Structure formats: structure tokens, C-alpha cells
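Each chain, letter by letter, is given below.
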Amino acid sequence: MIDSAGAGGSRPVHVVYLRYWREWLRAYWARLLLVLALMLVVGVAGAGYAKFMERAISALESGDASVAYWGPAGIIALTCVKGLCDYARKSLVNLVVSKIQAAMQSKMYRSLLFMDLSSLLAESPASLSVRFSADLQVARNSISELVGVLSAVLTILATLAIMASIDWVMTIAIVAIFALAIAPVGFVGTRIKRISAWTQREIAGMTAAVHEGLSGIRMIRTYRLESRLQASADRAFLRLRKLNVSLENRRLSVAPLIEVLGGFAIAALILLVSYRISAGALDLAGFVGLLTGFGVIMNPAQKLGAAYTVAKQGQAAFERVFGLFDSRNMIRDGTREFAPGERARGAIRFVDVDFVYPDGFHAVKKLRFDIEPGRTFAFVGRSGAGKSTVFNLIPRLFDVSGGCIEIDGADIRDYTLAALRDQISVVSQESVLLNGTVLENIAFGSSGATGEAVIAAARSAGAHEFIKKLPDGYETMVEPAQQAFSGGEKQRLSIARAILRDAPILLLDEPTSALDARSESVIREALSRLASSRTTLVIAHRLSTILDADQIVVMDAGKIVDQGTHQELLERGGTYAELYNLQFEPRALPKNDRLPVPSRIEDRKDSQSFLSRLARFLGA
């Protein structure tokens, strides 16, 4: 599981912000100095209101008529300077945090691309995508708000300095009262951080549920599961609503809390002012100046009071984002390379290979087999037998837990990942198309491939005819979200990609599973030509695709239970013969006679018998 701090969190709030400063914000130090300068101007301009009002009242008391001219002009000037500088400050901060957010999204995506696969698969794609949007947005907002808080602090300090020049005793009293006013905010902030962490996780879960529900809409409607999924989604929405209400209520409570305490502060100040005026230590002009200063610092003080809650909310988001950054890939790169133009011969050897998934599932146990270059090995067995794990181990998507895998006599862990994976082509059950043209999709993984080579590969894969009928042919844009291609068409594009890559090792995971009978025949011929001079490993559930394999490896519970040619395995009986009989019509044969060409399941008349045998085979 990708590391992220718990709901409560044990690290001090400043730790994540110091890291943000070191790794991201410090690079913009020049712009931040400009931001600081603008903050100082805003603070001084805001504080100037108090001194300006004191001077204006003094002028009025002394009968200076010129105050009617310079008074309004001064207020307008202070307002304009403060407003323009504050806008410039906010715009500059927005630019900086936007750049950092984009850079963090890029790093997050890179982290996911190169992350240890076991960690990556422990969290749903929908949940991970929330970190790109909700988490980073919360983190960004917290930085913007905290920079605003720094501006508020400067305004408060400048205003207090002006107020102290008017009456330092009253200023100290105001500071003391404000210190008492913001004291309760710490408790509220801690609770907000905890609820914010819960909310972000709930958003991730809700997003995953919505994504999974919509992606499986055909099955859901066929089985009439709409009501069940709606009820499940409504429960998620309700939990999220309660968390949002709780989070917003606590956040909203900060300003009224400070305002109420501010009311008590004003009452106390009136008493103190009355005492100071009666004692002759403060005149009317000074009183107005202090009152103006008090009004100036009220709004910044509310921001200062909310700073802790904002910081705690941002901390929860940063911990989830940094948790992703800190997830380490356990697959370590080797140093062995192939010489320029050199290709692997394709000899593959499994030597007592064990693999245990992070959750403790022992997927393969003491696997031992040798594949000579250019030969085809097929792997069959029940679901969970370990076939896909074998395929995952060869390109080092996972590393073995015990034993070793060798290619051309060298441990695959000695090769660089790039050198190893350049020798491998994969065609899986799930054909993956990326944003780009059809030509680019076929050429992915084959740098420098010419258009003619792409077209030749498409012809070999039986894809050329349907590509020509597309609006822009090979230049037609592929948009995976729009489902513009059928399953068979996507599979043929994937096969064309493998043909073009021309790697010495082929991993075929049910490569014809999405094709009709006619297309399957074309593709099987293409793959047969392609595999003739390459080491080919095939996972097959449709045994008609592997009858000509050099060796068929039968797996069960992570072990090899039988191995041989199709004919040898049938003669020995066992798991393979049982699977074969499930898929093909058994016929009465003279003893020791040769087996006939099998007929398809579709031609079976006794479907009930087939289903019952299938259930027994699957362990139902």
C-alpha cells in the first residue's frame, strides 16, 4: 500500500511545509522576495489608516481647514496602493503555486509509472487519481491561504507598531486580548486535519466506486444490479456528506469564535480607553487612531486565527501526496547491456523460482523448466494456477522471491530493465491503446519505425483493411475513452505492435481471445510466422490455439503438475486431458487410434454436461 499518514497523523504540522519549501517553493525565491516586498507595502498601507486618522482628527480639533483636501486624498492613495499591491501579491502567488502544482502532478505521474507494481496495484486507479485533483488542490489552497496569513501577520505587526506610537499601554492590552482570543483555535484545527484526511480517503473511495460501476455497466444492467449499486453509492455519498458538513462547520466556527471573543475584547478596550482618557493619558485623536487600528487588524486577525485550521487541512493532503512520492520501487536496475544491434538468443531458464505476493499469497513454488531459443511453450491450468505470475516475472514486473530466472545463461536481475524489456513483446487479453494516431499506437515501443514498416505489421496482423476504412486511415486519432474500436480491432492493433517490435521473446496472453473465428485464423497464421524464429510463451484457455506448441506446461496451485506435447499429455490423462475434454467433443475411437480434429464447444449439443464438467474443473 502506498504510504500515507493516518487520520490523526503523528508528525508536527511544520514538517510537511518545510519539505514543501525545500523541494518545491525555494526554487522561486526571487519571486517570493517580490511577494514579501508587496506584503510589506500592503501591511504599511493598512497600518497607515490608524496614523492617518489620528492626524486627521488632530487637525480637525485644531481647526486646520486643509484637512478637507489632504484627508480624502490620503485615504484614496492608501486604499489604491494597498489594493493594487495586494492584487499583485495574490496574482504572483497564484502563478507560483500553479507552476508547482503542475510540477507535482508530473512527478506524481512519474512516481506511478515507475512505482513498485505491488504498491501500485494495492490502490485503485480511481483512488490514485484523486491525489492529482482533490489532494493537490487542497494542498495548493493551503499554501495560498498561508501566504495570505503571512501578509496578515505583517499588516498586524505594522498596525500594532503604529498603535504603540499612539499609546503603548493600550497596544499591549490589545495584544494580550488577541492572544486569548485565538487560543481555542488550536483544538478546532486538530479536529479539522483529522476530518480532512477522512474526507480525502472517502472521496477516493467514492470515485473508485463510481468508476467501477460505470465501467461494468453492461454486466450491471444485465444482472439488474442498478438498485444495489445505487444503494451502495448512496451510502458513500452520505458518508461524504456528513464529513463535508462536519469539516465545513468546524471551519466556519473559527471566524465567529474570534468575532465573539473580539466583542469581549472591544468591551474591555472601551473600559480601558475610558480609564486612559479620564486619566489624561489619551485624547480623542489617539482614541480614534487606536479604534481605526483595531478595525484594521480585525480581518487579518481572523485570517491568523484560521491559519492553524488551514495548515492542518493542508497537512493531511500533503502527507498523502508525499506518501506517493516516497513509495520505493523494489525492482533494482542491473548493469548488463546488449551490444548495439545485439539481440538475445531467447533461451529462458527457471531455476527453483518462488514468488510470494505482498499479501502473503504464494503464487509459484519451485518452478523449474528450460525453454530453448525459438521454441514455443504454452501454459495452461485453472485460474490462480500461477500462469500470469510467470509472465509478470520474465520482464521483471515483479522480482522472484526465491531462485532465479535466466535469459541466455544470465540472471535477468543482472540486465538493465531497459535492455531486458527491449527483448520482449507482449500481447495480452486487454489490448491497451493510448492517445495518438493509429500509426503511433502501432509504433509505440519501436523507435524509428517507418510508415511502411507499420503498414506491413498491420497487414500481418489482419488490421490493414479496417484501418483503411477509418476517416483518416493510419492518421486517425485514437481516443481510448470513446471506445471507437471493437475488441477484435484493438487486439489486432496490439498484435501489429508486437509484430513491429520484432523482439526475440514473445509473451502471448490469450492473444486471440477477442477475435471471431475468421479473424482468429488470420491472426494465428501471423503469430505462427512470427513465432517461428522466436522464443514464445503462451497462456491459453482455448486449447485450439496451442495444439502445435513444442511443450505444454500444466500448472496447478503454483506448481508444474505435468509437461509435454499435446499428444503426450492426452495419452497420460490428468488435468490437461480433463481440460481438453471440457472444450472438445469426445468421440468414440478405436483403441490406439489417432485422435481426430476436435470439434468446437459451439457444436456441442449436451451443454448441460459441459457446464457440469466445467464446474467440477473449476472446483465449484
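In what follows, the structure referred to is the one given above.
None of these values were measured; they are calculated from a predicted model.

## With respect to the pairing of strand β10 (residues 535-539)
Working step 1: Most of β10 is tucked away: 5 of the 5 residues are buried.
Working step 2: Side chains of β10 alternate between two faces, with Thr-535, Leu-537 and Ile-539 and Thr-536 and Val-538 buried alike.
Working step 3: Where strand β9 (residues 505-509) meets β10, 5 bridges bridge the pair, whose relative direction is parallel. Counterpart to Leu-506 in the pairing with β10 is Thr-536.

## Section: the packing of aromatic side chains
Working step 1: All chains considered together, the criterion is met by 14 aromatic pairs.
Working step 2: An aromatic cluster is present here, built from Tyr-17, Tyr-20, Trp-24, Phe-318, Phe-322 and Phe-325 joined pairwise through their rings.
Working step 3: Here the basic side chain of Arg-19 rests over the ring of Phe-322, its NZ or CZ set 4.2 Å away from the ring centre.
Working step 4: Residue placement shows Lys-107 over the ring face of Phe-325; its charged tip is 4.8 Å from the ring centre.

## Considerations on the sheet that holds β9
Working step 1: Here 6 strands make up an open sheet; going across it, the order is β6-β9-β10-β3-β11-β12 and the pairing mixed. Bordering the open sheet on either side are β6 (424-427) and β12 (559-564), each of which pairs with just one other strand. Averaged over all pairs of adjacent strands, the angle between their axes in this sheet comes to 20°, without regard to strand direction.
Working step 2: Where helix α19 (residues 575-583) meets the sheet, it contacts β3 (376-381), β11 (551-556) and β12, and its direction lies at approximately 100° from that of β11.

## Describing the packing of helix α1 (residues 13-25) against helix α3 (residues 67-113)
Working step 1: Interaxial distance between α1 and α3 falls to 11 Å at its minimum, and their mutual angle equals 90°. For the element pair α1 / α3, the angle class is roughly perpendicular. Contacts from Tyr-20, Glu-23, Trp-24 and Leu-25 of α1 reach α3 at Val-96, Val-97, Ile-100, Ala-103, Met-104 and Lys-107.
Working step 2: A breakdown of the residues in the contact of α1 with α3 according to their chemical character gives 8 nonpolar, no polar and 2 charged.

## With respect to a nonpolar patch on the surface
Working step 1: A cluster of nonpolar side chains, contributed by Trp-29, Leu-33, Leu-36, Leu-40 and Leu-150, occupies part of the molecular surface with about 500 Å² of accessible area.
Working step 2: Residue contributions to the nonpolar patch peak at 4 residues, all from helix α2 (residues 29-61).
Working step 3: The residue Leu-150 is located in helix α5 (residues 125-166) in this model.

## Digging into the pairing of β3
Working step 1: Of all 6 residues making up β3, 6 are buried, and the element is well covered by its neighbours.
Working step 2: Where β3 and β11 come together, 5 bridges link them in parallel fashion. Paired with Gly-381 across the bridge in β11 is Met-555.

About the thresholds
- Throughout this document, residue positions are counted from 1 along each chain, in the order its sequence is written.
- At least 70 in pLDDT is required for a residue's local features to be given in this predicted model, at least 80 for side-chain atom pairs to be given and counted, and no such filter applies to totals for whole chains, interfaces and linings, which use all residues.
- Excluded from the side-chain calculations are hydrogens and water; all other atoms, namely the structure's heavy atoms, are used.
- Summary of the burial criterion: residues with accessible area below 20% of their type's maximum are buried, those above 50% are exposed, and those between are partly exposed, where the area comes from a 1.4 Å probe applied to protein chains only.
- We count a stretch as a helix when DSSP gives it H or I for four or more residues in a row; a strand needs E for two or more, and each element gets its number in order from the N terminus.
- Any two strands with at least two DSSP-identified bridges between them are counted as paired.
- In summary, the pairing rule links any two rings of Phe, Tyr or Trp, Trp by its six-membered ring, whose centres are within 6.5 Å, and it sorts them by plane angle into stacked for under 30 degrees, edge-to-face for over 60 and tilted for everything else.
- Distance and angle both matter: a charge sits over a ring if NZ of Lys or CZ of Arg is within 6 Å of the ring centre and within 35 degrees of the ring normal.
- Axis definition: a line fitted to C-alpha atoms, over the contacting stretch in the case of helices. Angles run 0 to 180 degrees between N-to-C directions.
- In what follows, residue pairs with any heavy atoms lying within 4.5 Å of each other are defined as contacts.
- Roughly parallel refers to an angle under 35 degrees, roughly antiparallel to one over 145, roughly perpendicular to one between 65 and 115, and oblique to any angle outside these ranges.
- All residues other than Ala, Val, Leu, Ile, Met, Phe, Trp, Tyr, Cys, Pro, Asp, Glu, Lys and Arg, Gly among them, are scored as polar; the first ten of these are nonpolar and the last four charged.
- Grouping into patches uses exposed residues only, defined as over 30% relative accessible area, and leaves out salt-bridged ones; the cut-off is 9 Å for like charges and 5 Å for nonpolar side chains (Val, Leu, Ile, Met, Phe, Trp, Tyr).
- Only the protein chains shown count as covering a residue, and every accessible area follows the Shrake-Rupley method with a 1.4 Å probe.
- Each reported salt bridge corresponds to a side-chain nitrogen of Lys or Arg within 4 Å of a carboxyl oxygen of Asp or Glu.

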